[in-house]
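Results of the structural survey
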Amino acid sequence: MNSSEHMVQLREAAAYIQAQSARFQPETGIILGTGLGALAKEVEVAHEINYADIPHFPLSTVESHAGRLLLGTLGGKKVAVLQGRFHYYEGYTMQQVVLPVRVLKLLGISKLLVSNAAGGLNPEFRIADLMLIDDHINLQPGNPLIGPNLDELGPRFPDMFAPYDAELLRRAEAAARELGLADTTRRGVYVSVPGPMLETPAEYRYLRTIGADAVGMSTVPEVIAARHMSLPVLAVSVITDLCAPGHLKPVVLADIFAAAAVAEPRLTQLIRAMV
Ligand code: HPA
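Here the structure is a predicted model, which is why all the values come from computation and not from measurement.

Definitions and limits used
- Residues numbered from 1 in each chain as written.
- Predicted model: local features only at pLDDT ≥ 70, side-chain atom pairs only at ≥ 80, totals over all residues.
- Heavy atoms only, no water.
- Salt bridge = Lys/Arg side-chain N within 4 Å of Asp/Glu carboxyl O.
- Helix = DSSP H or I, 4+ residues; strand = E, 2+ residues; numbered from the N terminus.
- Buried < 20%, exposed > 50% of the residue type's maximum accessible area, 1.4 Å probe, protein only.
- Near = heavy atom within 4 Å.
- Polar contact = N/O pair within 3.5 Å; in protein donor to acceptor, adjacent residues only side chain to side chain.
- Areas by Shrake-Rupley, 256 points an atom, 1.4 Å probe, with all protein chains shown as cover.

1. A closer look at the pattern of salt bridges
- For the structure shown, the criterion picks out 10 salt bridges.
- Here Arg-68 ties to Glu-48 by a salt bridge, and the two come within 3.5 Å at their closest N and O atoms. Taken as a pair, Arg-68 in strand E3 (residues 68–74) and Glu-48 in strand E2 (residues 44–50) lie far apart in primary sequence, 20 residues in all.
- For Glu-173, the salt bridge goes to Arg-187, with nearest N and O atoms at 3.0 Å. Within this pair, whereas Glu-173 is found in helix H4 (residues 166–178), its partner Arg-187 is found in strand E7 (residues 185–192), the two being separated by 14 residues in sequence.
- According to the relative accessible area criterion, Arg-187 is partly exposed, its value standing at 36%.
- Overlapping salt bridges, with partners in common, bring together Asp-134, Glu-173 and Arg-187 in one network.

2. Notes on the site of the ligand
- Neighbouring residues of the ligand: 13 residues in total, closest Gly-119, Leu-198, Glu-199, Tyr-204 and Asp-241.
- In this structure, Ala-117 approaches the ligand through a main-chain N or O atom, which is 3.5 Å from a nitrogen atom.
- Here the ligand loses 94% of its free accessible area of 260 Å² to cover by the protein chains.
- Listed by contribution, the elements that provide at least two residues to the shell around the ligand are strand E5 (111–120), strand E8 (214–216) and strand E9 (233–242).
- Of all the elements, E5 adds the most residues to the shell around the ligand, at 3 residues.

Written out as structure tokens, the structure is:
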């Protein structure tokens, strides 16, 4: 697909959403990660659209991801919530993984809030801590900007000096303090791996050695696409398992969901404050 065909697809998806929502114009885009869907309950939903009905939208294959776009208000602000995201390990191309983020930008969002579940590599982290992502390392086998550049969205060689918005990070830390969450809110580097298998002990040691505080299978492609479009990003990881030497044990998916459930109210409070 060339770049103008790709732009046509993005515009068709955006036009469908606008037609279904009386041209609702969200200010903030929110991507909800694994087991973190409860924030959706806080949204006063004006329009709910299944991904399956939106032209060119991929379909979620992961059970814990709902596959719905919610348009409505959160704390009085207009939001577009992607309830369910796409991962490279599901077999999608990187362009498909980031298509929803690009469509939200065409709908008019001016900032993006992202959440994910991640393994804690930093030995000081505890289960159900929140980590504000302040930088990342991309170990995915590609990225969404490879191929013809979508000139209408952004430049061929976007800058990555500050992928996570300093002002949003400052506000998130202030909100965490005000909400009494300072002790469980960390800051650090997220490394994105393809998955779907979790890491070996040697891989966890390697990821720590190269400078990461948490590891997960998402987020970085979406952030790259957002930064290509100059969208300010705040991203938060929920630490669902501990991967530092001495803490390592077999990861059970149910434990990841349980940890996400513990952190969910805190993440919800924080995102609410940020919107
Ligand atoms: N590794 C990769 N992805 C993850 C992990 C992990 O330990 N925990 C949650 N997502």
